[in-house]
Amino acid sequence: MTRKRCEEDEHMIAEVRKATTKSTHIYICDCRPALNAQANKAKGKGYEVPEFYENIELSFGNIANIHEIRASSTRLRELVTAPNIEETKWLSNLEATKWLHHVQTVLQEAVKVASIIHNKKSSVVVHCSDGWDRTSQITSLSMLLLDPYYRTLQGFEVLIEKEWISMGHQFQARCCHGTQDITTDYSPIFMQFLDCVWQVMQHSPYVFQFNKYLLTFVAQHLYSCLYGTFLSNNDKERRQSEIRSKTQSIWSHVNSHTTEFLNPLFREKCGVLLPSISMRNIRLWRDNWMAFHPFYRYQTRYLSGSWSWFTCEIRSSRIVMSCRNQSSNPPRRLFPWSITQSRKPRGSLKILLYISSKVLF
């Protein structure tokens, strides 16, 4: 197996190391499994050889490629849309899809990169085979963990535009836009990123300015082609097709309806996030994967309405009355009480809010 050198690459890494004033080491994160990197090396590609670089540490992220993610998402979709599933086998069938395992692997690598930058004050070079799939996942998630700005509504829009759209993630190929058949290039890589963001939101629901509905809204219109934000594979194709002048951006709708996407529990003062990525905390993103399941849609309709009614009710009595006049009455089986006069919420009401936020967030 050849051990080719690239002088340009070695010079670039050396300059990055010089620019890092608080650390003498450079960490290189190769998102691929080590076995896949070895196979690419046999094809003439490969990875960095530590002997040829000064003060670097190379690690492999063991993140699955697009083909494994496609197969995993297909198994998950078949599971959640199956008409009859034995209740006793639901968890084992969910585990067999390996989707939650892939989500955990991506989150673990993102947390590792964020931890190196925050604790060791060192620069991290992230790459994979091509640079627009797994690389975008790790860089965008690590920036989300490190910088509170990207956890705001505007910052999250900037993050997607910068690390996904401008980076050259092939949305048309990965989402099969304009085709009726699933091709070998199809893979829900960006959907997996949104799933990872949702997992972090479950861990720290108070540090995000936007709510979970924004993630669901973006996930739905990733495939609807209603907006031009996720059309084409790169900026060159968008300019040639005049996508920006002929279509509307999804952020135009989001920014004109901000109240629908804001998190009422948001706390501004929060710095770096380094959540514990344990499989005990990884859950199925039901709002996305089970959005078209009849039973789940029935439950979500009532829970979502009750949540908006409930949050308005505890903020002020003046908002309560206007909100209750606009929305339907909440189901009695969920909220058996009624407020007939202006008063502050009692302790029992606060406890029920906490339980509801755990269920709905």
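So, how was this worked out
Residues numbered from 1 in each chain as written. Predicted model: local features only at pLDDT ≥ 70, side-chain atom pairs only at ≥ 80, totals over all residues. Heavy atoms only, no water. Helix = DSSP H or I, 4+ residues; strand = E, 2+ residues; numbered from the N terminus. Expected span 1.5 Å × (residues − 1). Buried < 20%, exposed > 50% of the residue type's maximum accessible area, 1.4 Å probe, protein only. Pairing = 2+ DSSP bridges. Axes fitted to C-alpha atoms, helices over the stretch in contact; angles between N-to-C directions. Contact = heavy atoms within 4.5 Å. Core = buried A, V, L, I, M, F, W, Y, C linked by side-chain atoms within 4.5 Å. Phe/Tyr/Trp six-rings, centres within 6.5 Å; stacked < 30°, edge-to-face > 60°. Right-handed = clockwise from strand over helix to strand, strands pointing away. Polar contact = N/O pair within 3.5 Å; in protein donor to acceptor, adjacent residues only side chain to side chain.

(A) Layout of helix H9 (residues 189-203). When the terminal C-alpha atoms of H9 are compared, their 22 Å separation across 15 residues agrees well with the 21 Å that a helix rising 1.5 Å per residue should span. The element H9 is largely enclosed, with a buried count of 14 among its 15 residues.

(B) How the structure looks around the sheet that holds strand S2 (residues 56-60). Strand order in this open sheet of three strands is S2-S1-S3, and the pairing throughout is parallel. Only two strands of the sheet have a single partner each, and these edge strands are S2 and strand S3 (124-127). Direction aside, the axes of adjacent strands within the sheet are offset by 15° on average. Bridge count for strand S1 (residues 26-30) against S2 is five bridges, and the pairing is parallel. Bridge pairing in S2 places Tyr27 opposite Glu57. Helix H1 (residues 7-19) contacts S1, S2 and S3 of the sheet and is inclined by roughly 130° relative to S1.

(C) Representation of the pairing of S3. A two-sided burial pattern is seen for S3, the buried positions comprising Val124 and Val126 on one face and Val125 and His127 on the other. Examined bridge by bridge, S1 and S3 share four bridges and lie parallel to one another. Residue pairing across strands places Tyr27 opposite Val124, the latter belonging to S3.

(D) Representation of the nonpolar core within the structure. In terms of nonpolar packing, the biggest core is built from 70 residues, with Phe156, Phe190, Phe193 and Val197 touching the most fellow members. Here Phe156 is in contact with Leu144, Tyr149, Tyr150, Phe193, Leu194, Val197, Phe210, Leu214 and Leu215, once residues within four sequence places are set aside. Membership of the second largest hydrophobic core comes to eight residues, among which are Ile13, Val49, Tyr53 and Val125.

(E) How the structure looks around the packing of aromatic side chains. Within this structure, the stated rule accounts for 17 aromatic pairs. With centroids separated by 6.4 Å and ring planes inclined at 25°, the aromatic side chains of Trp198 and Trp285 adopt a geometry described as stacked. You can see Trp198 sitting in helix H9 and its partner Trp285 sitting in the loop between helix H13 (250-256) and helix H14 (286-289), a full 87 residues away along the chain. Note on Trp198: relative accessible area 7%, which makes it buried. With centroids separated by 6.3 Å and ring planes inclined at 55°, the aromatic side chains of Phe217 and Tyr227 adopt a geometry described as tilted.

(F) Seen up close, the pairing of S1. With five of five residues buried, S1 lies mostly within the body of the structure. In S1, alternate side chains face the same way, and those of Ile26, Ile28 and Asp30 on one face and Tyr27 and Cys29 on the other are all buried. In this region the chain leaves S1, passes through helix H2 (residues 34-42) and returns to the parallel neighbour S2; the handedness of that crossover is right-handed.

(G) Representation of the side chain of Thr152 in the model. Structurally, Thr152 can be placed in the loop between helix H6 (134-146) and helix H7 (153-165). Separated by 2.5 Å, the side chain of Thr152 and the backbone oxygen of Tyr149 make a polar contact. Not counting residues up to four positions away in its chain, the partners in contact with Thr152 are Gln209 and Phe210.

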